[in-house]
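Take a look at the letters that make up each chain.
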Amino acid sequence: MRGLDKIVDHTLLAIGALLLLLFVSTVPLEPTQNQEQFGLYASTGEIPVTASEWSYIKPSKSFTPQEVVQIQIKALQQNDKSDSGIITVFNFSSPASKMRVGPIEHFRLMVRDPSYKPMLNFKTYQKGNMVITGKSAYQLVVLTTENNEKAAYLFMLARQSKGHYKGCWLTVGVVRLENSRPVYST
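Here's what I pulled together on the structure shown here. Everything numeric here is computed off the predicted structure, so don't read it as measured data. (Residues numbered from 1 in each chain as written. Predicted model: local features only at pLDDT ≥ 70, side-chain atom pairs only at ≥ 80, totals over all residues. Heavy atoms only, no water.)

Following the criterion strictly, the structure yields one cavity of 30 Å³ or more and no others. Counted as a void, the largest cavity has a volume near 30 Å³. In this structure, the largest cavity is lined by Ile 73, Leu 76, Met 119, Phe 122, Val 141, Leu 143, Tyr 153 and Phe 155. Elements that contribute at least two residues to the lining of the largest cavity include exactly helix H2 (65-77), strand S3 (136-144) and strand S4 (150-159). (1 Å grid on protein atoms, 1.4 Å probe; cavity = no way out; pocket = protein on both sides within 12 Å on 5 of 7 lines; lining within 4 Å. Points joined across faces, edges and corners; volume = space filled by probe spheres on them. Helix = DSSP H or I, 4+ residues; strand = E, 2+ residues; numbered from the N terminus.)

See the structure below:
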């Protein structure tokens, strides 16, 4: 009887190991583009209708640096109570930037800081020329708030060279530029 118990134990162990191998082989190590459950921004110039749609836009290798900045600007302009615009901007932040800034909760607070608050639900904007040098890109954006105040920001992007977002343009920083130049009248 003891020999039969040993055979049953070994058989069950082998079946368990096979099932575990089968399960592990069917689960991907990283999600692939076609397995992710979100919509991608179409580069046809279409902008989502509602602000909550912004949170479904994720980085893609097909986006140019100009499109990445455009997506973030429009998302912030249409930010809603659920902060879908802020979440979109966070999604387009580089991994290194996310490490510096911290989790999304901290990022939400940072965007509401007086330096960045004009970026939320602003009225209009103007973009400068995109400057691309190798794997870096820079663009000046001047926003006009609901109070007709101007706020200038420099978007700094980098093409990612490794990781899940390899080949994607992501934001490494946004800096507010102070209007400290003297105004001369003639």
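So, on to the pattern of salt bridges. A side chain of one charge can pair with a side chain of the opposite charge if their charged atoms are brought near each other. Enumeration according to the criterion identifies two salt bridges in this entry. Residue Asp 83 is joined to Arg 108 by a salt bridge in which the shortest nitrogen-to-oxygen separation is 3.2 Å. Taken as a pair, Asp 83 in the loop between H2 and helix H3 (84-91) and Arg 108 in helix H5 (residues 104-111) lie far apart in primary sequence, 25 residues in all. Owing to a relative accessible area of 7%, Asp 83 belongs among the buried residues under this scheme. By relative accessible area, which is 26% here, Arg 108 ends up partly exposed. Of the charged contacts, one joins Arg 112 and Asp 83 as a salt bridge, the two residues approaching to 2.7 Å between their closest N and O atoms. With a gap of 29 residues between them, Arg 112 in the loop between H5 and strand S1 (124-127) and Asp 83 in the loop between H2 and H3 connect regions that are remote in the sequence. Here Arg 112 falls in the partly exposed class, since its relative accessible area comes to 34%. By sharing partners, the salt bridges in this structure join Asp 83, Arg 108 and Arg 112 into a single network. (Salt bridge = Lys/Arg side-chain N within 4 Å of Asp/Glu carboxyl O. Buried < 20%, exposed > 50% of the residue type's maximum accessible area, 1.4 Å probe, protein only.)

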